[in-house]
Amino acid sequence: MLDHGAPPHNGGPAAPHSEGPGMRLMRRKPVERLVAEGGHGEGGTLRRSLGLWQLTMISIGATLGTGIFVVLGEAVPKAGPAVTLSFVIAGLTALFSALSYAELAGTIPVSGSSYSYAYATMGELIAWVCGWCLMLEYGVSVAAVAVGWGEYLNELLGGTIGVTLPAALSAPPGDGGVFNAPALIVVLLAMAFLLGGARESARANTVMVLVKIGALVLFCAIGVQGFRSGNYENFMPLGMAGVSAAGATLFFSYIGFDAASTAGEEAKNAQRDLPRAILLSLAIITALYVLVAAVAVGAKPWRQFTDSEAALAQIMREVTGQSFWGTLLAFCAVIAIASVVLTVLYGQTRILFAMARDGLVPKVFARVSPRSGTPRANTLIVSLFCGVLAAAVPLGQLADATSIGTLFAFALVNIAVVVLRRSRPDMPRSFRVPLSPLLPALGFGFCLWMMGSLSTVTWVVFGVWMAVGLVFYFLYGYRRSRLAAPAPSEAK
């Protein structure tokens, strides 16, 4: 019989004084300890104020943004009318990893997301690598998305008051400007909401999510009036290869569904609600994507999808004969991207919070304000860093590298769910991946396939990023890890 009151031998670290360097890299943090420390930071605790609705909106807010407004126009020329099938394939690929996230989020309901899951199953070094990848996914993508917000803001200003910001103030150096002021502004706005508390941030995000869902539903209602069944006659003009190529492109429209897992320590009933929020958000997003794609291709011949950045706006103008709809869509895009910045920035701060609590990054990221129940210093530092990065640095290939970091983290989650099933079969699980280990293996394989399709430059950037992370770990985290010499007081 297993002793449920103490961490099992295979889940916890050996005595620190008997560990060699190799064993220290593989030390695992017991699940019980991860859960017991949930919400506790330096000087305060996070507040559990988020229910299923707010958690679902967080995942939708982090996912549903520039993707559907931009990437559809890029994918249609690759697949033709079968782009709807490409969305389904990309959604299924995301689903394999989402199932693994759902099981682990319900079993280990903490803020660290896949970083914490890896710490409990594969050891500290792998957990650090995963956490470093998440910094790439969340932190750099905040900056990249903020840059896109500035572009849509200019479109909105031009369509409403006929004035746009000069290039010097709306683009970073190297892209024809001096300082991207809108990118910094949207990050600072998101920071202000986050400093107010998780509940207040979730309310603002919910409003923004409802606006962008309403915009897509409105597009479908207008676009269907121009629907022509003849646009679907040659359904798969470029064959299955085209469908697969479009699916690989569209997969990145699904990145962000895991954002709810970063709210594990602020959820009212994390074990019940986190799995539901992850799967429900993915189902809503997939349904919206397929519906929008079906209406778009039905209203516009697939060969005419040439302007990838304004495909939906073009269709609305062509169907109605009015320019008003393009301006309305620009307004909705501004709202949509702002919610992505808010939720992704939230996720980044909570991941750093978990890593700081474990001693792998400086303690300042784990300080919690007793008044607001938020990691204020963490939020300020991350927001200012991302804001300056977006305003002053042309991201280029570094922004593309966010995709490879995300896929690497997804791959580790699929491994972690199988490892935890074998090492801790006794643990209560509010959700179980069906057909395990087959579906996690498929999720792992699809992630590797997607990573292999990325450019050589992206791999080089990823390699440099990982090298920098490993240097930081061995100079700082390896020696300061709380698992290196746990004290009795840490259990408090």
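Residues numbered from 1 in each chain as written. Predicted model: local features only at pLDDT ≥ 70, side-chain atom pairs only at ≥ 80, totals over all residues. Heavy atoms only, no water.

Observations regarding the overall build of the protein
And step 1. For the protein, the count of helices and strands is 18 helices and zero strands.
And step 2. On the principal axes, the C-alpha backbone points of the protein span a range of 75 × 45 × 40 Å.
And step 3. Counting every position in the protein, which comprises 492 residues, the buried fraction comes to 59%.
And step 4. For the protein, the share of sequence-separated contacts (at least 6 apart) that also reach a separation of at least 24 residues comes to 83%. (Helix = DSSP H or I, 4+ residues; strand = E, 2+ residues; numbered from the N terminus. Buried < 20%, exposed > 50% of the residue type's maximum accessible area, 1.4 Å probe, protein only. Contact = heavy atoms within 4.5 Å.)

Considering the environment of Ala-299
And step 1. With respect to the helices and strands, the residue Ala-299 is situated in helix α12 (residues 270-299).
And step 2. For the pair Ala-299 and Thr-374, spaced 75 residues apart in sequence, the C-alpha separation works out to 47 Å.
And step 3. Beyond its immediate chain neighbours, meaning those up to four positions away, Ala-299 contacts Gly-223, Gly-226, Phe-227, Asn-231 and Ile-315.

Brief notes about the pattern of salt bridges
Note that side chains of opposite charge can pair when their charged atoms are close.
And step 1. Enumeration according to the criterion identifies 13 salt bridges in this entry.
And step 2. Linking Arg-357 and Glu-265 is a salt bridge whose minimum nitrogen-to-oxygen distance equals 2.7 Å. Taken together, the residues Arg-357 in helix α14 (residues 324-357) and Glu-265 in the loop between α11 (239-251) and α12 connect sequence positions 92 residues apart. The exposure classification of Arg-357 matches that of Glu-265, with both residues buried.
And step 3. One connected set of salt bridges, linked through shared partners, spans Lys-29, Arg-33, Glu-37, Asp-358 and Arg-482. (Salt bridge = Lys/Arg side-chain N within 4 Å of Asp/Glu carboxyl O.)

Some words on the packing of aromatic side chains
Each aromatic ring pair is characterised by the separation of its centres together with the angle its planes make.
And step 1. A full pass over the atoms with the stated rule returns 21 aromatic pairs.
And step 2. Relative to Tyr-117, the ring of Tyr-101 has its centre 6.3 Å away and its plane inclined at 70 degrees; by these criteria the two rings are edge-to-face. With Tyr-101 in helix α5 (residues 83-107) and Tyr-117 in helix α6 (residues 114-121), this residue pair connects regions lying 16 residues apart in the sequence. Summarising the burial analysis for this pair, Tyr-101 and Tyr-117 share the class buried.
And step 3. When the ring of Tyr-101 is compared with that of Phe-257, the centres are 6.0 Å apart and the planes differ by 90 degrees; the resulting orientation is edge-to-face. Taken as a pair, Tyr-101 in helix α5 and Phe-257 in the loop between α11 and α12 lie far apart in primary sequence, 156 residues in all. (Phe/Tyr/Trp six-rings, centres within 6.5 Å; stacked < 30°, edge-to-face > 60°.)

Side note on empty space enclosed by the protein
Empty space left among the atoms is revealed by rolling a probe the size of a water molecule over them.
And step 1. According to the stated counting rule, one finds three cavities of 30 Å³ or more in the structure shown.
And step 2. Surrounding the largest cavity, Leu-50, Ile-58, Leu-194, Ala-198, Ser-201, Ala-202, Asn-205, Leu-342, Thr-343 and Tyr-346 form its lining.
And step 3. Elements with a minimum of two residues in the lining of the largest cavity: α10 (198-223) and α14.
And step 4. Broken down by element, the residue count for the lining of the largest cavity peaks at four residues, all from α10.
And step 5. Each residue belonging to the lining of the largest cavity can be placed in one class, and the counts come to seven nonpolar, three polar and no charged. (1 Å grid on protein atoms, 1.4 Å probe; cavity = no way out; pocket = protein on both sides within 12 Å on 5 of 7 lines; lining within 4 Å. Points joined across faces, edges and corners; volume = space filled by probe spheres on them. Nonpolar A, V, L, I, M, F, W, Y, C, P; charged D, E, K, R; others polar.)

Topic: the nonpolar core
And step 1. Of all hydrophobic cores here, the largest spans 155 residues; its most connected members are Leu-72, Val-83, Phe-87 and Phe-219.
And step 2. Broken down by element, the residue count for this core peaks at 21 residues, all from α14.
And step 3. The contacts of Phe-219, once residues within four sequence positions are left out, are Val-292, Val-295, Ala-296, Leu-312, Ile-315 and Met-316. (Core = buried A, V, L, I, M, F, W, Y, C linked by side-chain atoms within 4.5 Å.)

A closer look at the packing of α14 against helix α15 (residues 376-392)
And step 1. The N-to-C vectors of α14 and α15 enclose an angle of 125 degrees; their axes lie 10 Å apart at closest approach. Regarding the angle of α14 to α15, the classification is oblique. Between α14 and α15 the crossing geometry is right-handed. Contacts between α14 and α15 pair Leu-345, Gln-348, Thr-349, Arg-350, Leu-352 and Phe-353 from the former with Asn-378, Thr-379, Val-382, Ser-383 and Cys-386 from the latter.
And step 2. A class-by-class count of the residues in the contact of α14 with α15 yields five nonpolar, five polar and one charged. (Axes fitted to C-alpha atoms, helices over the stretch in contact; angles between N-to-C directions. Parallel < 35°, antiparallel > 145°, perpendicular 65-115°, else oblique. Left-handed = near helix turned anticlockwise from the far one by under 90°.)

Points about the state of the cysteines
And step 1. Per the stated rule, a full pass over the model turns up zero disulfides.
And step 2. Note on Cys-130: no disulfide assigned, nearest cysteine sulfur contributed by Cys-133 at a separation of 6.5 Å.
And step 3. On the accessibility criterion, Cys-130 (0% relative accessible area) is buried.
And step 4. With no disulfide of its own, Cys-332 lies closest to Cys-220 among cysteine sulfurs, the gap being 13 Å.
And step 5. Among the residues examined, Cys-332 registers a relative accessible area of 6% and is labelled buried. (Disulfide = S-S within 2.5 Å.)

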